[in-house]
Amino acid sequence: MADIARMEIGGLICDNTSCDWKDMSIKVEDYAQYIGTGCPKCGECVLTQRDYNVVQTMLKVTGLISRVGRFFGVSVKEEDLVTVEMNTDGKGNITMDNKKPFDYVKNGGKN
Ligand SMILES: [Zn+2]
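Since the structure is predicted, the reported quantities are computational estimates derived from the model, not experimental observations.

*Asks:* An account of the overall build of the chain is needed here, citing residue identities and associated values.
*Replies:* When its secondary structure is counted, the chain shows two helices and four strands. Walking the chain from its N terminus toward its C terminus, one meets helices and strands in the order β-β-α-β-β-α. Sequence separation of 24 or more characterises 49% of the internal contacts of the chain that already satisfy a separation of 6 or more.

Quick look at the structure:
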């Protein structure tokens, strides 16, 4: 059984749509040191203060939801979890892609 909400964040992707730089090894705990840092490939900012704040807020909200779930003894089966891929755009806007997880769930938890 799993918590009703969980957030796994990691990596940074350049917000410049014509640039393909990304480093998925960067940990969320280290994000603060990347605020305002330029992309090594194109120079575009890789993490704005606004995006950083959005991520921190989402981590807090997710933590709160899972604590409330645990308090009331609510949990879900691991295979019933829905995964959402999320990206920020440098302006604090979030895009989400749930196509893969939907297929994952639709296929009964098989890829
Ligand atoms: Zn770039």
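Moving on from the model shown.
*Asks:* Mind laying out the environment of Lys22, listing which residues take part and the relevant values?
*Replies:* Along the chain, Lys22 turns up in strand S2 (residues 22-27). Of the residues examined, Lys22 has 14 C-beta atoms within 10 Å and is grouped as partly exposed. Taking the C-alpha atoms as reference points, Lys22 and Gly11, separated by 11 residues in sequence, lie 7.3 Å from one another. Residues in contact with Lys22, not counting those within four places in the same chain, are Gly11, Leu12, Ile13 and Cys14.

*Asks:* Could you give an account of the pairing of strand S4 (residues 94-97), with specific residues and numbers?
*Replies:* Note: strand S3 (residues 85-88) against S4, four bridges, orientation antiparallel. Counterpart to Glu85 in the pairing with S4 is Asp97. As consecutive antiparallel partners, S3 and S4 are separated by five residues, and within that stretch Gly90 has a phi angle of approximately 95°, a positive value.

Reading the values: the criteria
Residues numbered from 1 in each chain as written. Predicted model: local features only at pLDDT ≥ 70, side-chain atom pairs only at ≥ 80, totals over all residues. Helix = DSSP H or I, 4+ residues; strand = E, 2+ residues; numbered from the N terminus. Contact = placed C-beta atoms within 7 Å. Buried ≥ 20, exposed ≤ 12 C-beta atoms within 10 Å, placed from the backbone. Pairing = 2+ DSSP bridges.

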